[in-house]
Amino acid sequence: MTTVREAVFALLRRHGMTTVFGNPGSTELPFLAGLPDDFSYILGLNEAVAASMADGYAQASRRPTLLSLHTAAGLGNAMGSLVNAAASCSPVVVLVGQQVRELLPSGALLSNAHPHTLPLGAVKFTAEPARAQDVPTVLAQAIHRALLTPAGPVCVSVPMDDWARECDPDALAPVMDRRVIGRSVLGPDSYGQLLLRVMAARRPALVVGAEMDTELGFTGAALLAERLHAPVWMSGFASRCAFPTEHGLFRGPLPVDSASIAAALHGHDLVLALGCPVFAYYPYVQGAPLTDGVEVLAVTSDPGIAARAVAGDAYLGAPDGAVQSLLSDLPSSCSAFPATPAARQLRQPVDSGRLGADAVFEVLGEALPQGAVVVNEAYRQLPQLWGRVALRRPGSFYSAGALGLGFGLPAAIGIQLAEPERPVIAVIGDGSLQYTVQALWTAAHYSVPLTVLALNNGEYAILKDWAHRLDGADAPGLDLPGIDLVAIASGYGVAATRVKSCEELREALERTNQSSEPGLVEVTLAHVPYRWNAESNDIFPQPGESL
């Protein structure tokens, strides 16, 4: 016989889940005490930090990742981060501690009274095993469910006295060894229809999203765009980048209100949406989703995206696989849309003496190491990032799936741990940084060689943009004076510097990129007028412009 704990560690080894993220509490100690030597525990100073680190690690490694949380309170602290993980289809396996079984009926301190319902809305599967002996079986099912398309977080609550109970390893052997293999693909009839409709298009356009951020999808999207001579947008506020940003057909992110989306796609007879929603609206703007003559076809493995679309037909299947099939079957010249010449981006001149967002991202684009990963949580400056930072390979960009602040810094740590051979740069706004600033300690404690580029404008600038749009310019709580990011980082043990010129920024990025320890570079941004969704028009060619 063996203990439940021993059986679970054997199960985790089989799935390669030997890195555990968490913030320990008393209900987790029976599981964590005497952690096997082949397991690593990465401590976050609160559960939101630990959950976002696990999210980043799971996305970058494309493997299920274990997150250990403390009963109801710890799970509650992590919920915002799990909402982001769910929106990013991140296979985080949450293992939540629970009071001993004998005390659960009495509502004892640290009991999770609602282990099945508390995490709902942020996980795709939740369970508390009926018996201690069922823990390995239920956890194995949860791991498989986390990876099933669309992937996403799962949650299993385990009473703390279950770990020492005995279970039969022979009875568990079939559960421990089984695998779930394969993924969804378009059936032959569906694919045949899609192929004919794409071939018939005269002025096609592509919209790509997070599902296409794979080796096949990233390169395939560029080849398909060139084959169709089609401009390419990313879905609005996409959490991943699935297209080379310096490509001549790249148009940046699609807008996020209906009128602007309709205007951007006007004139195309077919919009092929690959692994993303086209109609990701905010705020509400009354009007038709598309202009006359525009047809949308979506290919996605996510039934939710397929069902929620406000227009167009959806084909359920892996979009990167569908693209590879299209590349095999499309004739070399199936569109009358004129070919695009060499890559060109419209750029405003950079004033090297003034650290506006244009200058910052021009320097970052030049200083970015080969194969670097950019994690963004500076949403107000995204247009400059897309226009000035070249992302040339898959897995090069991450952002919060549900736009919940606090993702960027801890996720960057998780990504760096998952891909130690790739430099990671976290671009974080001063307001965003405060949500999970404790992650700086984790980076310092584990010597994670992360570069944090902190953009300090002393306010929630993007909220002020929204406020002007939504007639709320007098809303309180939008200014953040008096926060010393260099002092905060230093207090957590991270080397930090404040720069005031492009040359200082260039030198600071070079130092941190070459260091084996984390470093923070603070930039005080020059103020720019508040505006609404306009800067991208200055960076990328827009409909009707000659290329």
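Refer to the structure above for everything that follows.
Reading guide: rules and limits
- Sequence positions are assigned chain by chain, starting from 1 and proceeding in written order.
- Two thresholds apply to this predicted model, a pLDDT of at least 70 for residue-level local features and 80 or more for giving and counting side-chain atom pairs, whereas whole-chain, interface and lining totals are computed over all residues.
- To obtain the side-chain values, all non-hydrogen atoms of the structure were used and water was disregarded.
- Strands are runs of DSSP state E lasting at least 2 residues, helices are runs of H or I lasting at least 4, and numbering of each runs from the N terminus.
- We compute the radius of gyration from the C-alpha atoms alone; for a globule the expected value is 2.2 Å times N to the 0.38, where N is the number of residues.
- Exposure categories follow from relative accessible area, calculated using a 1.4 Å probe and restricted to protein chains: below 20% of the type maximum is buried, above 50% is exposed, and the middle band is partly exposed.
- Contacts: residue pairs with any heavy atoms within 4.5 Å of one another.
- Using a 1.4 Å probe, the Shrake-Rupley method yields the accessible areas, and only the shown protein chains count as cover for residues.
- Residues counted as positive are Lys and Arg, residues counted as negative are Asp and Glu, and His and the chain ends are not counted.
- A charged residue contributes its charge at one atom only: NZ of Lys, CZ of Arg, CG of Asp or CD of Glu.
- For two strands to be treated as a pair, DSSP must find at least two bridges joining them.
- Crossover handedness is defined by viewing with both strands directed away from the observer: a clockwise path from the first strand over the helix to the second marks the crossover as right-handed.
- As used here, the term nonpolar core means buried Ala, Val, Leu, Ile, Met, Phe, Trp, Tyr and Cys residues forming a set that is joined through side-chain atoms within 4.5 Å.
- Comment: axis = line fitted to C-alpha atoms, over the contacting stretch for helices; angle = value between 0 and 180 degrees taken between N-to-C directions.
- Throughout this description, any angle smaller than 35 degrees is read as roughly parallel, any larger than 145 degrees as roughly antiparallel, any in the 65 to 115 degree range as roughly perpendicular, and the remainder as oblique.
- Note on convention: near helix rotated counterclockwise from far helix by under a right angle means a left-handed crossing. Clockwise means right-handed.
- In this classification, the charged set is Asp, Glu, Lys and Arg, the nonpolar set is Ala, Val, Leu, Ile, Met, Phe, Trp, Tyr, Cys and Pro, and all remaining amino acids, among them Gly, are polar.
- Salt bridges are counted wherever a side-chain nitrogen of Lys or Arg sits within 4 Å of a carboxyl oxygen of Asp or Glu.
- The span expected for a helix works out to 1.5 Å for each residue beyond the first.
- In this context, the arc is that of the directions from the helix axis out to the C-beta atoms.
- Aromatic pairing here means that ring centres of Phe, Tyr or Trp (its six-membered ring) are within 6.5 Å. Orientation follows from the plane angle: under 30 degrees is stacked, over 60 is edge-to-face, and everything else is tilted.

(A) Representation of the overall build of the protein in the model. Secondary structure assignment for the protein yields 19 helices and 20 strands. For 547 residues, the compact-globule estimate of 2.2 N^0.38 gives 24 Å, and the C-alpha radius of gyration of the protein, at 24 Å, lies within 12% of that figure. With respect to the three principal axes, the spread of C-alpha positions in the protein is 70 × 60 × 45 Å. Of all 547 residues assigned to the protein, the portion counted as buried reaches 55%. Taking the contacts inside the protein whose residues are at least 6 apart along the sequence as the reference set, 77% of them involve residues at least 24 apart. Entry remark: accessible area of the protein is about 21600 Å², with carbon and sulfur atoms responsible for 54%. Side chains of the protein carry 35 positive and 52 negative charges; the gap between the two charge centres is 4 Å.

(B) Structural context of the pairing of strand E19 (residues 495-499). In this sheet, strand E20 (residues 519-524) lies alongside E19 in parallel orientation, the contact comprising five bridges. Paired with Arg 498 across the two strands is Glu 522, which belongs to E20. One crossover worth recording links E19 to the parallel E20 by way of helix H19 (residues 502-514), and it is right-handed.

(C) Examining the nonpolar core more closely. With 113 residues, the main nonpolar core has Leu 67, Leu 224 and Leu 272 as its most contacted residues. In terms of residues, this core owes the most to one element, helix H3 (residues 47-61), which gives eight residues. Setting aside anything within four residues of it in sequence, one finds Leu 272 in contact with Leu 194, Val 198, Ala 205, Leu 206, Val 207, Leu 224, Leu 297, Val 299 and Leu 326. Core analysis: the next-biggest nonpolar cluster, separate from the first, contains 32 residues, Ala 7, Leu 32, Ala 127 and Ala 146 among them.

(D) Geometry of unusual backbone geometry. Note that the residue after Thr 149, namely Pro 150, is joined by a cis bond; omega there is -10°. Here Pro 150 is to be found in the loop between helix H5 (135-147) and strand E7 (154-159). Tyr 282 connects to Pro 283 through a cis peptide bond whose omega is 0°. When you line up the elements, Pro 283 lands in the loop between strand E12 (270-274) and strand E13 (295-300). Positive phi, close to 60°, is recorded for Arg 62, a residue that is not glycine. Within the secondary structure layout, Arg 62 lies in the loop between H3 and strand E4 (65-69). Judged by its relative accessible area of 46%, Arg 62 falls in the partly exposed class.

(E) Structural context of the packing of helix H8 (residues 215-228) against helix H11 (residues 319-329). The geometry of H8 relative to H11 is characterised by a closest axis approach of 9 Å and an angle of 40° between their N-to-C directions. It follows from the interaxial angle that H8 and H11 lie oblique. Where H8 crosses over H11, the handedness of that crossing is left-handed. Contact residues: Leu 216, Gly 217, Gly 220, Ala 221, Leu 223, Leu 224 and Arg 227 in H8; Asp 320, Val 323, Gln 324, Leu 326 and Leu 327 in H11. Taken together, the residues of the contact of H8 with H11 sort by class into seven nonpolar, three polar and two charged.

(F) Structural context of the pattern of salt bridges. Enumeration according to the criterion identifies 21 salt bridges in this entry. With a shortest N-O distance of 3.2 Å, Glu 522 and Arg 498 are connected by a salt bridge. Separated by 24 residues along the polypeptide, Glu 522 in strand E20 and Arg 498 in strand E19 bring together distant segments of the chain. Of the residues examined, Glu 522 reaches a relative accessible area of 2% and is grouped as buried.

(G) Structural detail: H19. For H19, which comprises 13 residues, the first-to-last C-alpha distance of 18 Å matches the rise-based estimate of 18 Å (1.5 Å per residue) to within 8%. Where H19 is concerned, the buried positions are Cys 502, Leu 505, Ala 508, Leu 509 and Thr 512. For H19, the arc enclosing every buried residue in end-on projection is 125°, short of the 170-degree limit, so these residues lie on one face. Those residues of H19 hidden inside the fold are in contact with helix H12 (357-367), strand E18 (450-456), E19 and E20.

(H) Local environment of the packing of aromatic side chains. Taken as a whole and judged by the stated rule, the model has eight aromatic pairs. Taken together, a centroid distance of 4.6 Å and an interplanar angle of 50° make the contact between Trp 386 and Phe 397 tilted. Taken as a pair, Trp 386 in helix H13 (residues 382-388) and Phe 397 in strand E16 (residues 397-398) lie far apart in primary sequence, 11 residues in all. Assigned by exposure class, Trp 386 and Phe 397 land together as buried. A network of ring pairs unites the aromatic residues Phe 9, Phe 31, Phe 39 and Trp 163 as a single cluster.

(I) Main features of the sheet that holds strand E11 (residues 250-253). Pairing is parallel in the open sheet, where six strands are placed in the order E11-E10-E9-E12-E13-E14. Edge positions in the sheet fall to E11 and strand E14 (313-316), since each of these pairs with one other strand and no more. Mean inter-strand twist for the sheet, computed between neighbouring axes without regard to direction, equals 20°. Where strand E9 (residues 204-208) meets strand E10 (residues 232-234), three bridges bridge the pair, whose relative direction is parallel.

(J) A look at the sheet that holds E7. Judged by pairing direction, the sheet is parallel, and its six strands sit side by side in the order E3-E2-E4-E5-E7-E6 without closing on themselves. Edge strands, defined here as strands with exactly one partner in the open sheet, are strand E3 (40-43) and strand E6 (126-127). In the sheet, strand E2 (residues 19-22) pairs with E3 via four bridges, with the strands oriented parallel. The residue of E3 that forms the bridge with Phe 21 is Ile 42. Relative to the sheet, H3 contacts E2, E3, E4 and strand E5 (92-98), its axis offset from that of E4 by approximately 170°.

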